[in-house]
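Residue strings, one per chain:
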Amino acid sequence: MKNSVLHPAASRFYADHGWLQSAQTFSFHGNYDPQRIQFGALRVLNDDTVNGGKGFGRHPHDNMEIISIPLEGTLEHEDSMGNVAVIRPGEIQVMSAGTGIYHTEFNKDADVPVTFLQIWLYPDKLNVPPRYDQREYASGDRHNRFQQILSPDPDDEGVWIQQKAWFHLAEFDMGFEAKYELKIAGNGMYVFVIKGDVEVDGQTLSTRDGYGIWPESTVSITAKQNSSLLIIEVPEKW
Amino acid sequence: MSQINILAIANHPEILETIIRLINQQETWNGIPAGSAEEAETVLRLNSIDLVLLGVGVDEEMGERIVSLCQSMDPRIVCLRHFGGGSGLLYSEIRHALAGG
């Protein structure tokens, strides 16, 4: 049996903090909807835009796998492990918060907004040593194919996290069709349309829509326009 | 609305302080910190606790011990695992638990 959940872009929570515009797929901070808590191990999917020169001041995290994917602009990261880094579109950042970490995330540019996806996954192991990593990936490697940018395996492509999850980016030309095959049977698959229009197993999705599905093994994706996607495969239980 | 007493357990002092501060920002919530299982047990014996947050540093064994103690003292005490260490998930975790989720 195939179950699914549709999260249209306009159904997301919106938080306007002046310096930060945040569209939140799941309950976050002061926004709460018991029907919008998580999709399996995927707990947070925030679509954040931070004004020039602004950002998140020093704050803590623990026991969460936190992934940032810049879409536009430049983000500057500093943390209590001594990491100072800048990430740009074409890169992915992962912070495995484990036993505790403090960090700041600021827009490095004084004038240009930065837009990035902030994604949190529950870890499959508690209280691990905190860890930071970031990787650059080639944009050409996702043209009409799935480009793996995250996995549970340190030796596999992309960054790794403490959870049996995989992230893929894809940029499909209009009319291109592909099948995504689950890495682990029983996992869920969450498709987030960064830009464009696609059909996922018959469900039409547009820019910033999200669609969670628990497929039997594969999922068909057809681009109705030139489209950019993030595909998140996560366990339902862990 | 009556006050809700929330015991937060974590072995990371700064994170514990942050969680307590965030809890206390809510008018009807009262946060009580504990840095260890022993402190938590003392708090549970001396206070009327509605909800227990099992935070960073609380491993499976310690968590089970706390849950068992709560059940033996008052089965209405809700115990839940807190993730994230900050405001991002804290409020919805607590609201969800208080709503019976």
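Up top is the structure these notes are about.
Rules behind the numbers
Residues numbered from 1 in each chain as written. Chains lettered and ligands numbered in written order. Predicted model: local features only at pLDDT ≥ 70, side-chain atom pairs only at ≥ 80, totals over all residues. Heavy atoms only, no water. Contact = heavy atoms within 4.5 Å. Buried area = accessible area lost by both parts, 1.4 Å probe. Salt bridge = Lys/Arg side-chain N within 4 Å of Asp/Glu carboxyl O. Polar contact = N/O pair within 3.5 Å; in protein donor to acceptor, adjacent residues only side chain to side chain. Helix = DSSP H or I, 4+ residues; strand = E, 2+ residues; numbered from the N terminus. Phe/Tyr/Trp six-rings, centres within 6.5 Å; stacked < 30°, edge-to-face > 60°. Buried < 20%, exposed > 50% of the residue type's maximum accessible area, 1.4 Å probe, protein only. Lys NZ or Arg CZ within 6 Å of the ring centre and 35° of its normal. Axes fitted to C-alpha atoms, helices over the stretch in contact; angles between N-to-C directions. Parallel < 35°, antiparallel > 145°, perpendicular 65-115°, else oblique. Nonpolar A, V, L, I, M, F, W, Y, C, P; charged D, E, K, R; others polar. 1 Å grid on protein atoms, 1.4 Å probe; cavity = no way out; pocket = protein on both sides within 12 Å on 5 of 7 lines; lining within 4 Å. Points joined across faces, edges and corners; volume = space filled by probe spheres on them.

**Things to note about the interface of chain A and chain B**
Quite often, the size of an interface is put as the accessible area lost when its parts meet. Chain A puts 25 residues into the contact, and the matching count from chain B is 23 residues. Note on chain A versus chain B: buried area summed over both sides is about 1900 Å², and carbon and sulfur give 59% of it. At the junction of chain A with chain B, the criterion picks out 1 salt bridge. In this structure, the salt-bridge partner of A:Arg58 is B:Glu14, at a minimum N-O distance of 3.6 Å. For the interface between chain A and chain B, the tally reads 9 residue pairs in polar contact (both at pLDDT 80 or more). Going through the elements one at a time, strand E4 (42-50) and strand E5 (55-61) of chain A are the ones with two or more residues in the side of chain A that touches chain B. Considering every element that reaches the side of chain A that touches chain B, the biggest residue donor is E5(A), with 3 residues.

**Brief notes about the packing of aromatic side chains**
Residues and elements named next belong to chain A. Summed over the entire model, instances satisfying the criterion amount to 12 aromatic pairs over all chains. Ring geometry for Phe28 versus Trp120: centroids 5.3 Å apart, planes at 80°, classification edge-to-face. Separated by 92 residues along the polypeptide, Phe28 in the loop between strand E3 (20-24) and E4 and Trp120 in strand E11 (residues 114-121) bring together distant segments of the chain. Take Phe28 and Trp120: they sit in the same class, and that class is buried. Consider the rings of Phe172 and Phe176, whose centres lie 5.0 Å apart with planes at 55°: the pair is tilted. In textbook terms, an aromatic cluster arises when at least three aromatic residues are bridged by ring pairs, as seen for Phe26, Phe39, Tyr190 and Trp214. A cation over a ring is seen here: Arg58 above Tyr102, with NZ or CZ 4.0 Å from the ring centre. The ring of Trp160 carries the charged tip of Arg131 above its face, separated from the ring centre by 3.6 Å.

**Here we look at the packing of helix H2 (residues 37-46) of chain B against helix H3 (residues 60-73) of chain B**
Residues and elements named next belong to chain B. Interhelical geometry of H2 versus H3 gives an angle of 10° and a closest axis separation of 11 Å. Classified by the angle their axes make, H2 and H3 are roughly parallel. Residues Ala37, Glu38, Ala40, Glu41, Leu44 and Arg45 of H2 lie in contact with H3, whose contacting residues are Met62, Arg65, Ile66, Leu69, Cys70 and Met73. Within the contact of H2 with H3, the residues separate by chemical class into 8 nonpolar, no polar and 4 charged.

**Some details on the layout of surface pockets**
All names here are of chain A. For the largest pocket, the calculated volume is near 600 Å³. Counting residues per element, the lining of the largest pocket draws most heavily on E5, at 6 residues. In this structure, the second largest pocket occupies an estimated 250 Å³ of space. Together, 17 residues line the second largest pocket, and Pro70, Leu71, Glu171, Ile194 and Ser228 are the ones closest to its centre. Listed by contribution, the elements that provide at least two residues to the lining of the second largest pocket are strand E6 (65-72), strand E15 (166-172), strand E17 (188-195) and strand E22 (227-234). Top element by residues in the lining of the second largest pocket is E6. It accounts for 4 residues.

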